[in-house]
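Residues per chain are reported as follows:
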Amino acid sequence: MKEKLYLEETAKSLYAGKSPEEILADILGEKYIKYRKRWHNAQQFKIRPLFPIHLDFELAYRCNLKCIMCPHGDPKFKHPYMGKKLDTEMIKKILKGGVQQGLSSVRFSVLNEPLLEKSLVDLIRYAKDIGIIDIFITTNGMLLSEQKSYELIHAGLTHLMVSLDAATPETYSIIRKGGNYKKVVKNIENFLKVRAETGSRLPLLRLSFTKMKPNVHEVEKFVKMWVDKVDYIAIAGYLNNLDDSEVNKRLRVSRTIKGKFNCWQPWARCTIFVNGDVFPCCMNYGRYTPIGNIYKERLIDIWQSDKVKFIQDINKAGKCFKHPTCLKCVSSRDKFGG
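Residues numbered from 1 in each chain as written. Predicted model: local features only at pLDDT ≥ 70, side-chain atom pairs only at ≥ 80, totals over all residues. Heavy atoms only, no water.

1. Focus: the nonpolar core
Reasoning step 1: Counting residues in each nonpolar core, the largest one holds 89 residues, and the members touching the most others are Phe 57, Phe 108 and Leu 152.
Reasoning step 2: No other element matches helix 7 (residues 181–198), which puts seven residues into this core.
Reasoning step 3: With near-sequence residues (within four places) excluded, Phe 108 lies in contact with Phe 57, Leu 59, Ile 91, Leu 95, Pro 114, Leu 120, Leu 123, Ile 124, Ala 127, Ile 135, Phe 136 and Ile 137.
Reasoning step 4: Of all hydrophobic cores here, the second largest spans 17 residues; its members include Trp 39, Trp 264, Trp 267 and Ala 268. (Core = buried A, V, L, I, M, F, W, Y, C linked by side-chain atoms within 4.5 Å. Buried < 20%, exposed > 50% of the residue type's maximum accessible area, 1.4 Å probe, protein only. Helix = DSSP H or I, 4+ residues; strand = E, 2+ residues; numbered from the N terminus. Contact = heavy atoms within 4.5 Å.)

2. Topic: the packing of aromatic side chains
Reasoning step 1: Applying the stated criterion across every chain, the model contains six aromatic pairs.
Reasoning step 2: Where Trp 39 meets Trp 264, the ring centres are 5.3 Å apart and the plane angle is 70°; that geometry is what we call edge-to-face. Taken as a pair, Trp 39 in helix 2 (residues 30–43) and Trp 264 in the loop between helix 9 (245–251) and helix 10 (265–268) lie far apart in primary sequence, 225 residues in all. Taken as a pair, Trp 39 and Trp 264 share a single burial class, namely buried.
Reasoning step 3: Against the face of Trp 226 rests Lys 229, its NZ or CZ located 5.4 Å from the ring centre.
Reasoning step 4: Over the aromatic face of Tyr 285 sits the side chain of Lys 328, whose NZ or CZ is 5.9 Å from the ring centroid. (Phe/Tyr/Trp six-rings, centres within 6.5 Å; stacked < 30°, edge-to-face > 60°. Lys NZ or Arg CZ within 6 Å of the ring centre and 35° of its normal.)

3. Observations regarding the pairing of strand 9 (residues 269–272)
Reasoning step 1: Here strand 9 shows two buried faces, one formed by Arg 269 and Thr 271 and the other by Cys 270 and Ile 272.
Reasoning step 2: Bridge count for strand 3 (residues 54–57) against strand 9 is four bridges, and the pairing is parallel. Within the sheet, the bridge partner assigned to Leu 55 lies in strand 9 and is Cys 270. (Pairing = 2+ DSSP bridges.)

4. Considerations on unusual backbone geometry
Reasoning step 1: Cis geometry is found at the peptide bond from Leu 202 to Pro 203, where omega equals 0°.
Reasoning step 2: Summarising the element assignment, Pro 203 is placed in the loop between helix 7 and strand 7 (204–211).
Reasoning step 3: Phi is positive for Phe 45, which is not a glycine, with a value near 60°.
Reasoning step 4: Within the secondary structure, Phe 45 is located in the loop between helix 2 and strand 3.
Reasoning step 5: If you check the backbone angles, Asp 165 has positive phi at about 65° while not being a glycine.
Reasoning step 6: Structurally, Asp 165 is set in the loop between strand 6 (159–163) and helix 6 (169–175).
Reasoning step 7: Take Asp 165: its relative accessible area is 1%, and that puts it in the buried class.

5. Some points on the packing of helix 3 (residues 88–99) against helix 4 (residues 120–130)
Reasoning step 1: The interhelical angle for the contact between helix 3 and helix 4, taken along N-to-C directions, is 20°, at an axis separation of 10 Å. With respect to helix 4, the element helix 3 is oriented roughly parallel. In this structure, helix 3 meets helix 4 at a crossing whose hand is right-handed. Packed against helix 3, whose contacting residues are Thr 88, Ile 91, Lys 92, Leu 95, Lys 96 and Val 99, the element helix 4 presents Asp 122, Leu 123, Tyr 126, Ala 127 and Ile 130 at the interface.
Reasoning step 2: Of the residues assigned to the contact of helix 3 with helix 4, the class counts are seven nonpolar, one polar and three charged. (Axes fitted to C-alpha atoms, helices over the stretch in contact; angles between N-to-C directions. Parallel < 35°, antiparallel > 145°, perpendicular 65-115°, else oblique. Left-handed = near helix turned anticlockwise from the far one by under 90°. Nonpolar A, V, L, I, M, F, W, Y, C, P; charged D, E, K, R; others polar.)

6. A word on the pattern of salt bridges
Reasoning step 1: Following the criterion strictly, the structure yields 16 salt bridges and no others.
Reasoning step 2: Residue Glu 146 pairs with Lys 193 through a salt bridge whose shortest N-O separation is 3.3 Å. Taken together, the residues Glu 146 in helix 5 (residues 146–155) and Lys 193 in helix 7 connect sequence positions 47 residues apart.
Reasoning step 3: The closest approach of N and O atoms between Arg 298 and Asp 301, which form a salt bridge, is 3.0 Å. (Salt bridge = Lys/Arg side-chain N within 4 Å of Asp/Glu carboxyl O.)

7. Some remarks on the confidence of the model for the protein chain
Reasoning step 1: Confidence in the prediction of the protein chain, expressed as mean pLDDT, is 90, and 89% of residues score 70 or more.
Reasoning step 2: Between residues 1–10, whose pLDDT stays under 50, and residues either more than four places distant or in other chains, the model counts 34 contacts. (pLDDT = per-residue confidence, 0-100.)

Laid out in structure tokens, this is it:
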């Protein structure tokens, strides 16, 4: 087995054999290759897309776990949108219009557990049918039953990303409150079995491990457990969604981001939160400084607004401190240091 390694600002991904991009290029062909070329050009600030290449939809504001690094796990955190859902027909309208403007990728999860939502499989199927090339969900895996695995595979999901964050039940129970390590591991193994039985290569399966003080000692064990079983593994630096200094002290491993920081995310992607608010990145902080709302304005008008161009330009210039959300994001994260 020969491992390849990707290094980014906050994470590294390990995988055996071909990279996810190589696998999807083989399966999906030229349309995928063209989409990824646009994505990489946006990452390098070479193009300013007229419409987001990727959209994140927060289907609902709810989760079945209370993880220690997440607002859902903080008893002091005020949740103004608890129980709210994003209108499914509005999502479909944006997807259909977006495809005609260059939308190529979508994820149906932000600060929510997508497998709780009955609309999920239908939305995945709809996105595939209208021409969305890359379709993601991020899940904690607790509800990833064999039946749900079949449904996700047949609907057309391309990426299934499971956040695990531990290599033992003991560490898992500290981080992912309300979850069951053995159940999630079994669900992952069953998904791989179901995918093999269907003869499908998709969705690709990524396991995620966010480095924090309670689990950093298990990184190597986690990689050894999974690198030959799943398609790829993401080892990420801690990013505080809570803006809580005490939580930072308990969880942060290091602070290595200093000086100039160029973030490409506002050049390629946009998040639509559960109340319809929009922000051009995938961070929870963005919900507090929205640059528009899909129930009041067209998404294309929001994306092409001076507000978005300002955020894009300051991040290209490495001057994230000029926007409160960008500053909070950068100052609250660990840069991955190996």
